[in-house]
Amino acid sequence: NAGVTQTPKFRVLKTGQSMTLLCAQDMNHEYMYWYRQDPGMGLRLIHYSVGEGTTAKGEVPDGYNVSRLKKQNFLLGLESAAPSQTSVYFCASSWIGTGANEQFFGPGTRLTVL
Amino acid sequence: DQQVKQNSPSLSVQEGRISILNCDYTNSMFDYFLWYKKYPAEGPTFLISISSIKDKNEDGRFTVFLNKSAKHLSLHIVPSQPGDSAVYFCAATRVSDSWGKLQFGAGTQVVVTP
């Protein structure tokens, strides 16, 4: 039982390049989330999904797209990377989306955009 | 505008003593609060939570106190151990928010010294 895994762990991009971050969970969770963590800002929600085939915008969605084609996977895409997207990205999942439900986090992806 | 604030970016405490971490929130609609712990190069892990119908919740060495009138919560760790050295994030949500979205504070780095 691996929990929540993220690929890749590290990545360096040039401005304008594109990439996809992959999140996978093996807990059969319905809800999945993408956050970014920046110094002094805590974790901010980018996009989330309440089930296979559904996605919704979070607090800071601009410049990102997501897809949830399979229940266990949640992909975060950057179409044209900008230096402002340099951050640590965390994926999380939960069984159901009520506020009282614990979210399980992956180990993170450190992205640098030059 | 950050709705959840952790005003102390760091805290140093001696092993065996009490660690007290503070968190303030501005949104009176929040009714469920969580603390997450994060080690370097790992994702956050759930530590303890409290509903707004309670003013205290205890789990082993960890106790969370909630003061709704002051919109303030605190996490007490007694006694502090070297393994408690980590970043602690406070998070808040509304239980009625069926998507489980969390608002995080900026985190407090705790260092427990021998």
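This is a predicted model, so every value here is computed, not measured. (Residues numbered from 1 in each chain as written. Chains lettered and ligands numbered in written order. Predicted model: local features only at pLDDT ≥ 70, side-chain atom pairs only at ≥ 80, totals over all residues. Heavy atoms only, no water.)

Student: Just to check I follow, could you spell out the side chain of Ser-19 of chain B for this structure?
Tutor: Residues and elements named next belong to chain B. Within the secondary structure, Ser-19 is located in strand β3 (residues 19-25). Among the polar contacts made by the side chain of Ser-19, one reaches the side chain of Ser-80 at a distance of 2.6 Å. Apart from residues no more than four positions distant in its own chain, Ser-19 is found in contact with Leu-11, Val-13, Leu-75, His-76, Ile-77, Ser-80 and Val-110. (Helix = DSSP H or I, 4+ residues; strand = E, 2+ residues; numbered from the N terminus. Polar contact = N/O pair within 3.5 Å; in protein donor to acceptor, adjacent residues only side chain to side chain. Contact = heavy atoms within 4.5 Å.)

Student: Help me out: how do you make sense of the nonpolar core in this one?
Tutor: Note on soluble globular proteins: their nonpolar side chains tend to be buried together. All names here are of chain B. Of all hydrophobic cores here, the largest spans 23 residues; its most connected members are Phe-33, Trp-35, Leu-73, Leu-75 and Tyr-88. Within the residue set of this core, elements represented by two or more residues are β3, β4 (32-38), β5 (45-51), β7 (62-67), β8 (72-77), β9 (86-93) and β11 (108-113). Looking at this core, the element that brings in the most residues is β9, giving 4 residues. Not counting residues within four places of it along the chain, the set of residues in contact with Leu-75 comprises Ser-19, Ile-20, Leu-21, Trp-35, Leu-47, Ile-48, Phe-62, Thr-63 and Tyr-88. (Core = buried A, V, L, I, M, F, W, Y, C linked by side-chain atoms within 4.5 Å. Buried < 20%, exposed > 50% of the residue type's maximum accessible area, 1.4 Å probe, protein only.)

Student: What's the story with the interface of chain B and chain A in this structure? I'm lost.
Tutor: A common way to express how large an interface is: the accessible area buried when the components associate. Chain B puts 24 residues into the contact, and the matching count from chain A is 22 residues. Contact between chain B and chain A buries roughly 1800 Å² in total, counting both sides, with carbon and sulfur atoms accounting for 60%. Among the residues chain B hides against chain A, the three largest losses belong to Pro-44, Trp-99 and Phe-104 of chain B. Together they make up 28% of the total. Where chain B meets chain A, there are 3 residue pairs in polar contact (both at pLDDT 80 or more). If one sorts the elements of the side of chain B that touches chain A by residue count, β4 of chain B sits on top with 4 residues. Residue composition of the side of chain B that touches chain A, grouped by class: 12 nonpolar, 7 polar and 5 charged. (Buried area = accessible area lost by both parts, 1.4 Å probe. Nonpolar A, V, L, I, M, F, W, Y, C, P; charged D, E, K, R; others polar.)

Student: Would you explain the sheet that holds strand β8 (residues 73-78) of chain A in this entry?
Tutor: Strand pairs in the sheet, formed through backbone hydrogen bonds, run parallel or antiparallel to each other. Residues and elements named next belong to chain A. On the basis of which strands lie adjacent, the open sheet formed by 4 strands has the order β1-β3-β8-β7 and antiparallel pairing. Of all the strands in the sheet, just β1 (4-7) and β7 (65-67) have a single pairing partner and so form its edges. Geometrically, the sheet is characterised by an average inter-axis angle of 20 degrees between neighbouring strands, direction not taken into account. Two elements, β1 and strand β3 (residues 19-25), share 4 bridges in a ladder whose sense is antiparallel. When the sheet's bridge partners are listed, Gln-6 is paired in β3 with Cys-23. (Pairing = 2+ DSSP bridges. Axes fitted to C-alpha atoms, helices over the stretch in contact; angles between N-to-C directions.)

Student: Help me out: how do you make sense of the environment of Gly-77 of chain A in this one?
Tutor: All names here are of chain A. The residue Gly-77 is located in strand β8 in this model. Sequence separation of Gly-77 and Cys-23 is 54 residues, and the distance between their C-alpha atoms is 11 Å. Sequence-distant contacts of Gly-77, defined by excluding residues within four places in its chain, comprise Met-19, Thr-20, Gly-63, Tyr-64 and Asn-65.

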